[in-house]
Every structure is written in structure tokens, then in C-alpha cells.
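Secondary and tertiary structure notes
Listed here are the chains, written in short residue letters.
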Amino acid sequence: MATDLSLPPTDATADWVIPQNWASYSPREHHVWDQLYARQSAMLKGRASAPFLKGMDSLRLSRGGIPDFEDLSERLHKLTGWQVVAVPGLVPDAVFFEHLANRRFVAGRFIRKPEQLDYLEEPDVFHDVFGHVPLLSDPVFADYMQAYGLGGLRALNFHSLEKLARLYWYTVEFGLIRESGGLRLYGAGIVSSFGESVFALDDPSPNRLQFDLERVMRTRYQIDDYQQGYFVIDSFEELLHQTAEADFAPLYCRLEDLPDIAPDAIIDTDRVINRGTQAHARSRNPSC
Ligand code: PHE
Ligand code: FE
């Protein structure tokens, strides 16, 4: 679906926010949410990071049906000052960053069809809300997301968006974290995916590498299959410290002269947690 990103749609304001129209979801649509919810919440016990599981609880995501953003925002705002607002789909980068910088998370309002439970190309309300919102109730992660928005506005001036987007991809969407019991999931793209929430943690295929800011910003990513490599952080405090407290301007300059790294590569300076077999990627592309 092509989206015209030059102008907001007619029922939106200049910030692209539209009403969620919660009352107009059909019982069938609420049922899709409930099915996805039941499947993922069972899957995530012992797999998702403790702050994510705690967020699901404190936001009462288990009450059934697609959450009403107003309700959800009220709870979330009390915890960390964040809100959830609906947008029609993709929004321009500057609009996205501006919302994050003001502690507003933009979410799609449509839900996938019953035959798309396992895979969907565009993020829907299940990915956006179930995947992203629980961690926004964690004070440190909440600060990271806001700092990322401010960093995005800044990166626009440096024309370094591609590099900064990789940081989002390998943390907010596909990040792993080390907890006392072992590795856990926190990336929204993983926790909202039935298949990847097992693959990312248990499959021998992907590399699992210690997070390193510059390394991550050099690493290309794949959008149409499970990741070939995941990056592991020690804590949200450490992530926030390494990013929010650093000046990215000199980093962006340095990165211009450094080659990109392939999604499945391991380089000399990596701290390797698991060296992946890449069997999954090979099975998808037997000619390589
Ligand atoms: N500190 C970064 C900068 O100078 C901004 C940033 C913060 C980026 C947090 C990502 C996450 O641009
Ligand atoms: Fe997402």
C-alpha cells in the first residue's frame, strides 16, 4: 500500500494523529486481538524481560479486546508520562520523532485479519500496542524512547537517519537483554511475533552479540525474515547511558568512512555470545 507522506490524511491534524474510533471495532476484530494475546502471553513467560512482563500487568493488557488508547494512555501517563495516539500507518520521520520527543507513542489502529495471525508486513495495533507499550511503563526505557526521538530530530540535520534507524531496529524492535536467569526478549518485533519469540532466544541459527553502539549503527538489517543477528544489552540503564549521554555528531562523521556490516557477519572486535549456524537463512536461500 503506497502512502502519500507529503500531507496528513483528511481526518488527521497536522501531527497526523487520528481518532482511534475504538467503538467501531467489530467483535471479530477484538477476537483476533484476544487470540494473539493469549498465544503471546503464554509464550512470553520466562522469555520476555521482567520489565516487559511487569508492564503488561500494570497496564492491565489482559482485560480482553483491543485496548482503548484513551484508557491505556491514562494508565501509562500515571506511570511514566507517556501516551499512545493513533496514526493512519507510516508517518514522516520528523513527525514520528516529534511525537517520541514529547512522550507520545504513535500506533496503528487497524488489526490484522484472522488469516494473518503469524505474519504481517505492516505493523498493526497488536504489534504497536502489545509489542511496544508495556516497556513504556518502565521509567528507564521510557527515557530512552524520548531521547531517541530527540536524537532523531537531530539526525535529520546530519542526514544520518539510516544509521540511527539501525539503533532502533536492533534495540527497540529486536533487542535482547541479559537477566539473572539468562537472555530475555525486549524488542517489540520479537515479543509480538509467535515464531521469532522462540527463534530469537532458542534457535542455533542467529548470532547473538554483545551490544556495541558503533557496531550496531554499521549493521544492515533484514525486514522480511527473522534476524540473522541479535544484540544483547546488560540493562536499560546501560543502553540509556551509552546513547542519551553521548554526542552522536562525531560518531555520524566517523561512520561515513566505515563500511557497513552484513546482517550475518561476525567481526574481530565482536563479543560473541552465540556464534550462529545461519541454517535458517540458508534454508530460505539454498543457492548461497
Ligand atoms: N545522544 C544522541 C545524539 O547526540 C541522541 C540519542 C539518544 C540517540 C538516545 C538515540 C538514543 O544525537
Ligand atoms: Fe514496531
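Residues numbered from 1 in each chain as written. Chains lettered and ligands numbered in written order. Predicted model: local features only at pLDDT ≥ 70, side-chain atom pairs only at ≥ 80, totals over all residues. Heavy atoms only, no water.

Quick notes on the coordination of the iron ion (ligand 2)
Any two of four tetrahedral donors ideally make an angle of 109.5 degrees at the metal, while pairs among six octahedral donors ideally make 90 or 180 degrees. Bound to the iron ion (ligand 2) are the protein donor atoms His127 (NE2), His132 (NE2) and Glu173 (OE), situated 2.0 to 2.1 Å from the metal. All donor residues of the iron ion (ligand 2) come from one chain, and their arrangement in sequence is H-x4-H-x40-E. Highlighted residues: His127 in helix H5 (residues 125-132) and Glu173 in helix H7 (residues 161-173), separated in sequence by 46 residues. Neither residue differs from the other here; His127 and Glu173 are each classed as buried. (Donors = N, O, S within 2.8 Å, 3.2 Å for Na, K, Ca; no water. Helix = DSSP H or I, 4+ residues; strand = E, 2+ residues; numbered from the N terminus. Buried < 20%, exposed > 50% of the residue type's maximum accessible area, 1.4 Å probe, protein only.)

Let's talk about the side chain of Lys163
Take Lys163: it is sitting in helix H7. Within the buried set, Lys163 has no salt-bridge partner at all; the shortest N-O distance to an opposite charge, 4.6 Å, is to Glu162. Setting aside chain neighbours within four positions, we find Lys163 in contact with Met217, Tyr252 and Leu255. (Lys, Arg positive; Asp, Glu negative; His and termini not counted. Salt bridge = Lys/Arg side-chain N within 4 Å of Asp/Glu carboxyl O. Contact = heavy atoms within 4.5 Å.)

Section: the packing of helix H6 (residues 139-158) against helix H11 (residues 236-244)
As a packed pair, H6 and H11 sit with axes 9 Å apart at the nearest point and diverge in direction by 25°. Taken as axis vectors, H6 and H11 run roughly parallel relative to one another. Note that H6 runs across H11; the crossing there is left-handed. In contact with Val140, Phe141, Asp143, Tyr144 and Ala147 of H6, H11 contributes Phe236, Glu237, Leu239, Leu240, Thr243 and Ala244. The residue makeup of the contact of H6 with H11, split by class, is eight nonpolar, one polar and two charged. (Axes fitted to C-alpha atoms, helices over the stretch in contact; angles between N-to-C directions. Parallel < 35°, antiparallel > 145°, perpendicular 65-115°, else oblique. Left-handed = near helix turned anticlockwise from the far one by under 90°. Nonpolar A, V, L, I, M, F, W, Y, C, P; charged D, E, K, R; others polar.)

Looking at the site of ligand 1
Taken together, Tyr144, Ala147, Tyr148, Gly151, Arg154, Leu164, Leu167, Thr243, Ala244, Ala246, Asp247 and Phe248 form the complete shell of residues around ligand 1. Residue Arg154 places a side-chain N or O atom 2.4 Å away from an oxygen atom belonging to ligand 1. In isolation ligand 1 exposes 320 Å². Once the protein is present, 94% of that is buried. Where the shell around ligand 1 is concerned, the elements lending two or more residues are H6, H7 and H11. At five residues, H6 tops the list of elements feeding residues into the shell around ligand 1. Of the residues in the shell around ligand 1, the class split is eight nonpolar, two polar and two charged. (Near = heavy atom within 4 Å. Polar contact = N/O pair within 3.5 Å; in protein donor to acceptor, adjacent residues only side chain to side chain. Areas by Shrake-Rupley, 256 points an atom, 1.4 Å probe, with all protein chains shown as cover.)

Let's talk about the pairing of strand S5 (residues 207-210)
Alternating positions in S5 separate into two faces, Asn207 and Leu209 on one and Arg208 and Gln210 on the other, with burial throughout. Where S5 lies against strand S7 (residues 272-274), two bridges are found, and the strand directions are antiparallel. Bridging from a neighbouring strand, Arg208 pairs with Asn274 of S7. (Pairing = 2+ DSSP bridges.)

Some details on the sheet that holds strand S4 (residues 182-185)
Ordered in space as S4-S3-S6-S5-S7, the five strands form an open sheet in which the pairing is mixed. The sheet is open, and its two edges are formed by S4 and S7, each paired on a single side. Strand after strand, the sheet turns through a mean of 35° between neighbouring axes, direction not considered.

Observations regarding the packing of aromatic side chains
Across all of its chains, the model carries 19 aromatic pairs by this definition. Ring centres of Trp33 and Phe126 lie 5.1 Å apart, and the angle between their planes is 75°; this geometry places the pair in the edge-to-face category. Of this pair, Trp33 sits in helix H1 (residues 27-44) while Phe126 sits in helix H5, and the two are 93 residues apart along the sequence. With respect to class, Trp33 is no different from Phe126; both count as buried. An angle of 35° between the planes, with centres 4.7 Å apart, marks the rings of Phe199 and Tyr226 as tilted. With a gap of 27 residues between them, Phe199 in helix H9 (residues 196-202) and Tyr226 in the loop between helix H10 (213-217) and strand S6 (229-233) connect regions that are remote in the sequence. Looking at Tyr226, the relative accessible area reads 26%, which means it is partly exposed. One aromatic cluster is present, built from ring pairs that chain together Trp33, Tyr37, Phe52, Phe126 and Phe130. Sitting above the plane of the Phe194 ring, Arg39 keeps its charged end 4.0 Å from the centroid. (Phe/Tyr/Trp six-rings, centres within 6.5 Å; stacked < 30°, edge-to-face > 60°. Lys NZ or Arg CZ within 6 Å of the ring centre and 35° of its normal.)

Some points on the pattern of salt bridges
With the rule as written, the count across this model stands at 13 salt bridges. Residue Arg47 pairs with Asp202 through a salt bridge whose shortest N-O separation is 2.7 Å. Here Arg47, found in the loop between H1 and helix H2 (50-58), pairs with Asp202, found in helix H9; they are 155 residues apart in sequence, far enough to count as distant. Residue Arg47 is classed as buried on the basis of its relative accessible area, which comes to 15%. Linking Glu214 and Arg254 is a salt bridge whose minimum nitrogen-to-oxygen distance equals 2.7 Å.

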